[in-house]
Amino acid sequence: MATPTFKSVNVKPDSARSATVALNYHLQLADRQLAEVTMRRPTIGDLLDHEPKGPDDVEAEVELIGILCGLKREEMRLLDPTDYARLQDQYVRFRAVPKS
């Protein structure tokens, strides 16, 4: 079995426990309007239960990011793609390993 290789990415790690991401396109939900979303750091349990199985596993990624943001699947579907990309960016910063 081949040893996996990991591509180095130039991302500044975020060691905070959570981060607030401002939305360019506010979400109108049934009970409130969202102008920002707070994402918590993923736990190993989150990754074991919901991590995407590959780069094309969009459903699992959306589910995982929704869980980290406290948003339901139906609410995630309302996000503008630009705002979703900002949430993806924050997720990547949470997962980045600081350079030693």
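Right, let's walk through the structure included here.

What counts, and where the lines are drawn
Residues numbered from 1 in each chain as written. Predicted model: local features only at pLDDT ≥ 70, side-chain atom pairs only at ≥ 80, totals over all residues. Heavy atoms only, no water. Helix = DSSP H or I, 4+ residues; strand = E, 2+ residues; numbered from the N terminus. Buried < 20%, exposed > 50% of the residue type's maximum accessible area, 1.4 Å probe, protein only. Contact = heavy atoms within 4.5 Å. Areas by Shrake-Rupley, 256 points an atom, 1.4 Å probe, with all protein chains shown as cover. Axes fitted to C-alpha atoms, helices over the stretch in contact; angles between N-to-C directions. Parallel < 35°, antiparallel > 145°, perpendicular 65-115°, else oblique. Nonpolar A, V, L, I, M, F, W, Y, C, P; charged D, E, K, R; others polar. Pairing = 2+ DSSP bridges. Salt bridge = Lys/Arg side-chain N within 4 Å of Asp/Glu carboxyl O.

### Concerning the overall build of the chain
Move 1: Helix and strand counts for the chain stand at four helices and two strands.
Move 2: Counting the 100 residues in the chain, one finds 29% classified as buried.
Move 3: The contacts in the chain between residues at least 6 apart in sequence include a share of 59% that link residues at least 24 apart.
Move 4: Accessible surface computed for the chain: about 7,400 Å², of which carbon and sulfur atoms make up 52%.

### Some remarks on the packing of helix α2 (residues 58-69) against helix α4 (residues 81-95)
When two helices pack together, their arrangement is given by the angle between the helix axes and the distance between those axes.
Move 1: The contact between α2 and α4 brings their axes to 11 Å, and the two run at 80 degrees. With respect to their mutual orientation, α2 and α4 come out roughly perpendicular. In contact with Glu61, Val62, Leu64, Ile65, Leu68 and Cys69 of α2, α4 contributes Tyr84, Leu87, Gln88 and Tyr91.
Move 2: Each residue belonging to the contact of α2 with α4 can be placed in one class, and the counts come to eight nonpolar, one polar and one charged.

### Here's the deal with the pairing of strand β2 (residues 33-40)
Move 1: Here strand β1 (residues 18-28) runs beside β2; their pairing, made up of seven bridges, is antiparallel. Within β2, the position partnered with Thr20 by the bridge is Thr38.
Move 2: The turn linking β1 back onto β2 is made up of four residues.

### Notes on the pattern of salt bridges
Move 1: Using the criterion set out here, one finds five salt bridges in the structure.
Move 2: Of the charged contacts, one joins Asp89 and Arg93 as a salt bridge, the two residues approaching to 3.2 Å between their closest N and O atoms. Of this pair, Asp89 and Arg93 are both found in helix α4, four residues apart, which corresponds to roughly one turn of the helix.
Move 3: Assessed through its relative accessible area of 39%, Asp89 is described here as partly exposed.
Move 4: Judged by its relative accessible area of 27%, Arg93 falls in the partly exposed class.

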